[in-house]
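Spelled out, the chains give:
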Amino acid sequence: MSEKDLPPSDASERPSQGGASPADHQTPASGQAAGAAAQGQGGSAQEHAQAGTQNVSSNQPNPVIAKTPVITQKKNKNISWIWLVPLIAAIIGLSLLVRGYMQQGPIATVTFKTAEGLEIDKTQVRYKDVVVGTVTDITLTDDHNSVLVQVSFKQNAEFLMREGARFWVVKPRLAASGVSGLGTLVSGAYIGVDIDDSHQSKAEYRNEFVGLEKPPELVSGRPGKRFTITAPSLNSLDLGSPVLYRRLEVGR
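Being a predicted model, the structure only gives us computed values, none of them experimental.

Teacher, can you tell me more about the sheet that holds strand S8 (residues 190-194) here?
Sheet strands pair by backbone hydrogen bonding; their relative direction is either parallel or antiparallel. The sheet built from seven strands is open, its strands ordered S5-S8-S2-S3-S4-S1-S9 with mixed pairing. Since the sheet does not close on itself, it has two edges, and those belong to strand S5 (166-170) and strand S9 (208-210), each with one partner. Strand-to-strand twist in this sheet, taken as the mean axis angle between neighbours without regard to direction, amounts to 30°. Two strands pair when backbone bridges link them, and strand S2 (residues 124-127) and strand S3 (residues 130-140) are joined in this way by four bridges, in the antiparallel orientation. If you follow Gln124 over to S3, its bridge partner there is Thr134. Helix-sheet contacts for helix H3 (residues 84-103) involve strand S1 (104-112) and strand S4 (147-154), and the interaxial angle to S1 is about 70°.

Written out as structure tokens, the structure is:
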């Protein structure tokens, strides 16, 4: 059987099986052209999009980039007023020390039997009820039977550093003649001192004294005389017993 005798359907199918038809050969070319056109359109679309983006970005303000803040502490050069308080206190304390050193006078040592009523840096020394010094130290003697009281005088009390000066402790006392020293119940005990005014220029300088256990009967500057009476017996006499002259009390 020849090809001419075959049916038309078979003849049309055979070229498609054995090779590509002219239409098939033209299809890739048209596909490539369509792809190129699509790429061209896509590229132009991207360019238009980029141009639009550039136009939009050129119209908008540039964003401000915030810098990292730097924190610094400001130095306060002004002096705080609170520091003036200790400075003023130090100046006042220093001035008091200098003043005390400038006013410090001689130092004397007085021996007493006991230190009853005496306190360091508190007990005053008075001459005619005027403060002339202060007790600065109290110690025992070497034999431990008495006490040594150190007295610091003022500069204007140098005249008391003479032989004949008498020291005694003023405190409340109860005797047959009455009660004395009641004022010390409030102010505290103090050391009284006295010296004979008439012998100050002739007396020698001295800084060690023996204190009296009882106040003297007479002090300088007051009128009166002191007598010593010798009798065979004491009888009923005692300290503070009155001395009568024509039945009038003239002494004790």
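Don't stop here, the text continues.
How should I be thinking about the layout of surface pockets in this particular structure?
To find the voids left in a structure, one rolls a probe of water-molecule size over its atoms. Taken as a whole, the second largest pocket holds about 160 Å³ of empty space. Lining the second largest pocket we find Gly100, Gln103, Gln104, Gly105, Gly133, Thr134, Ser152, Phe153 and Lys154. When contributions to the lining of the second largest pocket are tallied by element, the ones reaching two or more residues are H3, S1, S3 and S4. Per-element tally for the lining of the second largest pocket: the top contributor is S4, with three residues.

I tried to follow the nonpolar core on my own but got confused; where do I start?
The biggest cluster of nonpolar side chains holds 23 residues, and the ones touching the most others in it are Phe112, Val132, Val149, Phe153, Leu160, Phe167 and Ile191. The set of elements that each furnish at least two residues to this core consists of S1, S2, S3, S4, S5 and S8. Counting residues per element, this core draws most heavily on S4, at four residues. Beyond its immediate chain neighbours, meaning those up to four positions away, Phe167 contacts Val110, Phe112, Phe153, Ile191, Gly192, Val193, Phe209, Gly211 and Leu212.

Definitions and limits used
- Residues numbered from 1 in each chain as written.
- Predicted model: local features only at pLDDT ≥ 70, side-chain atom pairs only at ≥ 80, totals over all residues.
- Heavy atoms only, no water.
- Pairing = 2+ DSSP bridges.
- Helix = DSSP H or I, 4+ residues; strand = E, 2+ residues; numbered from the N terminus.
- Axes fitted to C-alpha atoms, helices over the stretch in contact; angles between N-to-C directions.
- Contact = heavy atoms within 4.5 Å.
- 1 Å grid on protein atoms, 1.4 Å probe; cavity = no way out; pocket = protein on both sides within 12 Å on 5 of 7 lines; lining within 4 Å.
- Points joined across faces, edges and corners; volume = space filled by probe spheres on them.
- Core = buried A, V, L, I, M, F, W, Y, C linked by side-chain atoms within 4.5 Å.
- Buried < 20%, exposed > 50% of the residue type's maximum accessible area, 1.4 Å probe, protein only.

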